[in-house]
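Overview (structure and organization)
Spelled out from the first residue to the last, the chains are:
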Amino acid sequence: MRSKTFRPGQAVKVEHEDLLAKLKKSISEQLKGTIDITRVEFEGPIIVVYTRDAKIFAKDNQHARNIAHMVRRRVEIRADPSILDPPDRAKTAILKIIPNSAEVGNMYFDSTTGKVTIEAAMPGLAIGKNGTVLNAIRRKVGWVPEVVRISPIPSKTIDNIREYLRDVRDERIEILKKIGKMINRPSIRQDNWVRTIALGGYREVGRSCTLLNTRESKILVDVGMNNSTTGPDVSPYLYLSEVQPLSTIDAVVVTHAHLDHSGLVPALFMYGYDGPIYCTAPTRDLMSLLQVDSLKVFNAEGIKPLYRSEDIRGSIKHCITLDYGETVDVSPDIKLTLHNAGHILGSAIAHFHIGDGLYNIAITGDTKYEKTWLFDPAQTNFPRLEAALVEATYGGGNDIQPSRDGARENLKEIINTTIDRKGHILIPVFAVGRSQEVMLVLERLVRQNEIPEVPVYLDGMIWEATAIHTAYPEFLNRDLREAILKRNRNPFLSPIFKRVDSNEMREGIINDPASCIVLATSGMMNGGPVMEYFKNWADDPKNSMSFVGYQAEGTLGRRIQRGADEISLMERDKHLNIKIRMDVETTEGFSGHSDRKQLMRFVSNLNPRPSRILMFHGDEKKCIELGNAINRQLKIEVNVLHNLEGIRYR
Ligand SMILES: [Zn+2]
């Protein structure tokens, strides 16, 4: 007879109400009955304590700290909604406290939670130094304020997500209660062990997925899809018995928005998962943008999509967003902290602190260990670290990228030469990451008079992705952050950038003889608006095209980059032959990935130094070459797993 297998989250039947009643009792005891606690609730990883004496807490943080110390969880104290001023009166009071210069927009009051969301163009001024303005609001009106930025470039994605989350507010409260209950279930605390299983993205690039598994918990880190294929290896090995049923997974962590890390997150909700998705706020927004777009592409190409648009909404509804450095409990024995990975907006290294100091693992996702025009280098300091899973995209011995200054000079040269001969410059780009880096370089070249001021047209999803970048300046590198927040100089708002928002406008640009620069998707020229410019401009030697990103084998971009002088495209069932007489260049150095040197430096600067490194997210050869180098030079034990292999750490 088969023994019953243990299923985390199901093994122990937790009486939710009992647990909360116990918590409430012990908190009241801790406060010696001096403060009136009306209700204690789980809200995802946070425990919320409602009280009629909220002003006492607002004056003195010590009570809140004592409670958090006692329950060993993050605690938020809120005024019991029954004692709060009605929203219209609270709004008037709040507007008197926040300085006008913060440019407050809408306010949304939630009478179930006692929270108010305040939109502001200058959130820093609405928050105040060290939160002074927020504290003043709490003391005066009792509502717990949360400030969100009105992005200077309006983003449809962000507006839709915020509106959707307001619409499903009540449902979300229930979801967060359930998640809190799961995190706070009684734990087994015996027979401790830690392992990971390679579910996708090992000895390959694409469909990244890792299962982190202990006696108590199961966490999935990234659930990506393989972009370059529609075959059987498009998705990670999610059908394994260790993963199924999906309702036994405690949490999903998404390191960043690229579809090879986030592409199948919505599909989880189609197949029975209904737990939390932990990621940064920009990752939530960017991955929704990319997922919606990928559904469109699937539909346009007549391929059966792997999930429905309602599953994207399901995933948004279950997102718990974290800032860098914020630590939360994601299961009874695992704490998660996200750290800057330097790769794209909101990209994170996921650090797991397991079993009260039993073991610590960092999973890098994609990293860039160099200060780029957009981001600070990936974080290498952790409180504790025994093992790290490190990406190896450019881990080969010869994978050395030119410097960013070199890239800038190269691009400048191409632009100046082309404008001199009155041509157009076409730059195929990925919407997220590379586009914004190129935009920053172009803005600076124009500002410093190193290239003539010609219009820079942005076509495809680039504009929307850029709008999302302007909503989260705190995730950009220090210089950019300071320029935007302190000196009010936002390079993304430069008037040289123009959005292409109609076919007529695109046609106008194509037929305008005046020089211009066009950034258009897709980055590897497998479709998208870039093709329209290319078809019309390719046969004129006055024009130039420069690749700035990786061109995968089998893509049109790769063929052109390799020097094809004629290509044939299918257009409405007809062959279209295009002669390539334009100048075709490649500007290297814009990569969002660490090159070999940066990867070696990243690993050797990890502090504390881990005793084990696993390689993933790289072709087999790159994983092995980088693994060997780390093992030889840094004397760290390295494992290069295949998909489906697992490793036990403790
Ligand atoms: Zn990536």
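Residues numbered from 1 in each chain as written. Predicted model: local features only at pLDDT ≥ 70, side-chain atom pairs only at ≥ 80, totals over all residues.

**Here we look at the overall build of the protein**
Across its full length, the protein holds 21 helices and 28 strands. Here the protein has a C-alpha radius of gyration of 26 Å; the compact-globule value for 650 residues is 26 Å, and the two agree. Principal-axis analysis of the C-alpha atoms places the extent of the protein at approximately 80 × 65 × 45 Å. Scored against the burial criterion, the 650 residues of the protein give a buried share of 48%. (Helix = DSSP H or I, 4+ residues; strand = E, 2+ residues; numbered from the N terminus. Rg over C-alpha atoms; globule rule 2.2 N^0.38 Å. Buried ≥ 20, exposed ≤ 12 C-beta atoms within 10 Å, placed from the backbone.)

**What to know about the sheet that holds strand β11 (residues 277–279)**
Read from one edge of the open sheet, 7 strands run β12-β11-β10-β9-β8-β7-β28, paired in mixed fashion. This sheet does not close on itself; its edge strands, each paired only once, are β12 (319–321) and β28 (646–648). Taking each pair of neighbouring strands and ignoring which way they run, the sheet shows an average axis angle of 20°. When β11 meets β12, the two strands line up parallel, connected through 3 bridges. The partner of C279 across the bridge, within β12, is T321. (Pairing = 2+ DSSP bridges. Axes fitted to C-alpha atoms, helices over the stretch in contact; angles between N-to-C directions.)

**Describing the packing of helix α20 (residues 596–605) against helix α21 (residues 620–634)**
Remark: α20 packs on α21, axes separated minimally by 11 Å, with the N-to-C direction vectors making an angle of 45°. By the angle class used here, α20 and α21 are oblique. The chirality of how α20 crosses α21 is right-handed. In this structure, α20 uses R596, L599, M600, V603 and S604 to contact α21, whose residues at the interface are L626, A629, I630 and L634. Along the lines of polarity and charge, the residues of the contact of α20 with α21 split into 7 nonpolar, 1 polar and 1 charged. (Parallel < 35°, antiparallel > 145°, perpendicular 65-115°, else oblique. Left-handed = near helix turned anticlockwise from the far one by under 90°. Contact = placed C-beta atoms within 7 Å. Nonpolar A, V, L, I, M, F, W, Y, C, P; charged D, E, K, R; others polar.)

**Re the nonpolar core**
If you look at the biggest cluster of nonpolar residues, it comprises 174 residues, and the most contacted ones within it are V49, V252, V253, A350 and M615. For V252, the residues in contact, after removing those within four places along its chain, are L220, V223, V265, L268, G275 and I277. (Core = buried A, V, L, I, M, F, W, Y, C linked by C-beta atoms within 7 Å.)

**Section: the pairing of strand β7 (residues 194–200)**
The buried fraction of β7 is high, at 6 of 7 residues. Direction of pairing for β7 relative to β28: antiparallel, over a ladder of 3 bridges. Opposite R195, over in β28, you have R648 as the bridge partner.

**Concerning unusual backbone geometry**
The step from T521 to S522 runs through a cis peptide bond, and the omega angle for that step is 5°. Here S522 is to be found in the loop between β21 (517–520) and α18 (530–537). Cis geometry marks the peptide bond from N607 to P608; its omega dihedral reads 0°. Along the polypeptide, P608 turns up in the loop between α20 and β26 (612–616). Not every positive phi belongs to a glycine, and R72 is a case in point at roughly 55°. With respect to the secondary-structure elements, R72 resides in the loop between α3 (62–71) and β3 (74–79).

**Considerations on the environment of G105**
Considering the arrangement of structural elements, one finds G105 in strand β4 (residues 104–110). Other than its neighbours up to four places away in sequence, G105 contacts E119, A120 and I150.

**Remarks on the packing of helix α7 (residues 156–167) against helix α15 (residues 462–471)**
Interhelical geometry of α7 versus α15 gives an angle of 65° and a closest axis separation of 8 Å. Residue-level inspection shows K156, T157 and I158 of α7 in contact with α15, the latter providing E464, I468 and A471. The residue inventory of the contact of α7 with α15, partitioned by class, reads 3 nonpolar, 1 polar and 2 charged.

**Thoughts on the pairing of strand β15 (residues 348–354)**
By the criterion of burial, β15 is predominantly enclosed, with 7 of the 7 residues buried. Of the pairings in the sheet, the one linking strand β14 (residues 334–340) to β15 comprises 7 bridges and is antiparallel in character. Counted as the bridge partner of L338 is A350 from β15. Taken together, the 5 bridges between β15 and strand β16 (residues 359–363) define a ladder with antiparallel strand orientation. Paired with I354 across the strands is Y359, a residue of β16. The turn joining β15 and β16, which pair antiparallel and follow one another in sequence, is formed by 4 residues; a positive phi near 55° is taken by G355.

**Concerning the environment of G314**
As for its placement among the helices and strands, G314 is situated in helix α12 (residues 309–317). Residues G314 and E163, 151 residues apart in the sequence, show an inter-C-alpha distance of 14 Å.

**Remarks on the domain arrangement of the protein**
We note that the domain assignment places domain 1 (16–81), domain 2 (90–150), domain 3 (185–398 + 597–648) and domain 4 (404–586) within the protein. For domain 3 versus domain 4, the separation of C-alpha centres amounts to 30 Å. Across the contact, 19 residues belong to domain 3 and 20 residues belong to domain 4. Residue composition of the side of domain 3 that touches domain 4, grouped by class: 11 nonpolar, 4 polar and 4 charged. (Domains from an automatic or database assignment.)

**A short note on the confidence of the model for the protein**
Of all residues in the protein, 96% attain a pLDDT of 70 or more, and the chain-wide mean is 92. This model gives residues 1–14 a pLDDT under 50, and the stretch forms 18 contacts once residues within four places in sequence are excluded. (pLDDT = per-residue confidence, 0-100.)

**Some details on the sheet that holds β21**
Judged by pairing direction, the sheet is parallel, and its 6 strands sit side by side in the order β20-β19-β21-β18-β22-β25 without closing on themselves. Edge positions in the sheet fall to β20 (497–499) and β25 (583–586), since each has one partner strand and no second. Along the sheet, successive strands turn relative to each other by an average axial angle of 25°, direction set aside. Where strand β19 (residues 456–459) and β20 come together, 3 bridges link them in parallel fashion. Residue pairing across strands places L458 opposite R499, the latter belonging to β20.

**Quick look at the environment of Q633**
As for its placement among the helices and strands, Q633 is situated in helix α21. For the pair Q633 and M600, spaced 33 residues apart in sequence, the C-alpha to C-alpha distance is 9.1 Å.

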